[in-house]
Amino acid sequence: MTKVCCENCMVVFSEQKAVWDGADKTEYCPECGEGGCLVRIKAGAFPTPKQLERLRDIYRNGTMVRLVAMSDPYSKLKPGDRGVIKFVDDAGGIHTAWRNGENLAAIWCVDRLEVIS
Ligand SMILES: [Zn+2]
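Residues numbered from 1 in each chain as written. Predicted model: local features only at pLDDT ≥ 70, side-chain atom pairs only at ≥ 80, totals over all residues.

## Observations concerning the sheet that holds strand β8 (residues 93-98)
Moving on, step 1. Read from one edge of the open sheet, five strands run β9-β8-β7-β6-β10, paired in antiparallel fashion. A single partner strand is all that each edge strand has here, and the edge strands are β9 (105-107) and β10 (112-115). The average undirected angle you get between the axes of adjacent strands in this sheet is 50 degrees.
Moving on, step 2. Sheet analysis places strand β6 (residues 64-69) next to strand β7 (residues 82-88), joined by three bridges and oriented antiparallel. Note on β7: the bridge partner recorded for Arg66 is Arg82. (Pairing = 2+ DSSP bridges. Helix = DSSP H or I, 4+ residues; strand = E, 2+ residues; numbered from the N terminus. Axes fitted to C-alpha atoms, helices over the stretch in contact; angles between N-to-C directions.)

This is the structure we're talking about:
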């Protein structure tokens with residue numbers, strides 16, 4: 001299934017949820033309200049350069065995060081586990097040193113992390 005990711009706030013939606021404005025043919029992100037920021041993605045797709053820049057801005061080295069959801073069934077990580085960001089690779093893998101000792105990368109638009117401020 002094709003999903004839509006906002007380049008601005010990096011929130012992922014199902015394609016149906018995007019709001020299309022028939023007047024100026026612009027799609028609007030339901031989360032931040034920006035227009036023209038939605039990019040269609042398929043499972044396993046790489047982020048666009050702009051999305052990558054945004055990911056690296058959100059997930060800087062040393063940022064503390066909490067796991068919201070992880071798709072990998074072999075991981076021992078649980079929602080709520082904490083870790084520290086190492087780096088974001090070109091495929092959108094968010095490499096994190098987890099407190100439980102795992103060094104698993106979270107995948108952009110698949111797994112969900114929350115930044116702890
Ligand atoms: Zn947005």
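There is more to say after this.
## A look at the confidence of the model for the chain
Moving on, step 1. Across the chain, the average pLDDT comes to 89, with 99% of residues at 70 or higher.
Moving on, step 2. Taken element by element, the chain is modelled with least confidence in strand β3 (residues 19-21), mean pLDDT 74, and with most confidence in β7, mean pLDDT 97. (pLDDT = per-residue confidence, 0-100.)

## Points about the nonpolar core
Looking at soluble globular proteins, one finds that nonpolar side chains tend to be buried together.
Moving on, step 1. Core analysis: the biggest nonpolar cluster contains 17 residues, and Cys5, Cys6, Leu38, Ile94 and Leu113 have the highest contact counts within it.
Moving on, step 2. Taken together, the elements giving at least two residues each to this core come down to β1 (3-6), β5 (38-41), β6 and β7.
Moving on, step 3. Inspection of this core shows a minimum of three residues originating in each of domain 1 (3-42) and domain 2 (58-115).
Moving on, step 4. Ignoring any residue separated from it by four or fewer positions in sequence, one finds Cys6 in contact with Val11, Cys29, Glu31, Cys32, Cys37 and Leu38. (Core = buried A, V, L, I, M, F, W, Y, C linked by C-beta atoms within 7 Å. Buried ≥ 20, exposed ≤ 12 C-beta atoms within 10 Å, placed from the backbone. Domains from an automatic or database assignment. Contact = placed C-beta atoms within 7 Å.)

## A few points about the sheet that holds strand β2 (residues 12-14)
Moving on, step 1. The strand order β2-β1-β5 describes an open sheet built from three strands, whose pairing is antiparallel. Every interior strand has two partners, whereas the edge strands, β2 and β5, have only one. Adjacent strand axes in the sheet meet at a mean angle of 35 degrees, parallel and antiparallel pairs treated alike.
Moving on, step 2. Examined bridge by bridge, β1 and β2 share three bridges and lie antiparallel to one another. Paired with Lys3 across the two strands is Ser14, which belongs to β2.

## Structural notes on the environment of Leu104
Moving on, step 1. Residue position: Leu104 is located in the loop between β8 and β9.
Moving on, step 2. Taking C-alpha positions, Leu104 is 15 Å from Asn61, a pair spaced 43 residues apart along the chain.
Moving on, step 3. Excluding residues within four positions of it along the chain, Leu104 makes contact with Asp72, Ser75, Leu77 and Trp98.

## Focus on unusual backbone geometry
Moving on, step 1. A positive phi angle, near 65 degrees, is found at Met10, a position not held by glycine.
Moving on, step 2. In this fold, Met10 is placed in the loop between β1 and β2.
Moving on, step 3. In this model, Cys109 sits at a positive phi of 65 degrees, which is unusual for a non-glycine residue.
Moving on, step 4. Mapped onto the secondary structure, Cys109 falls in the loop between β9 and β10.
Moving on, step 5. Residue classification places Cys109 among the buried positions, given that 21 C-beta atoms sit within 10 Å.

## So, the pairing of β8
Moving on, step 1. As paired elements, β7 and β8 share five bridges and run antiparallel to each other. Looking across to β8, one finds that Phe87 is bridged to His95.
Moving on, step 2. In this structure, β8 lies alongside β9, joined through three bridges in antiparallel fashion. When the bridges of β9 are listed, His95 appears paired with Ala105.
Moving on, step 3. The turn joining β8 and β9, which pair antiparallel and follow one another in sequence, is formed by six residues; a positive phi near 95 degrees is taken by Gly101.

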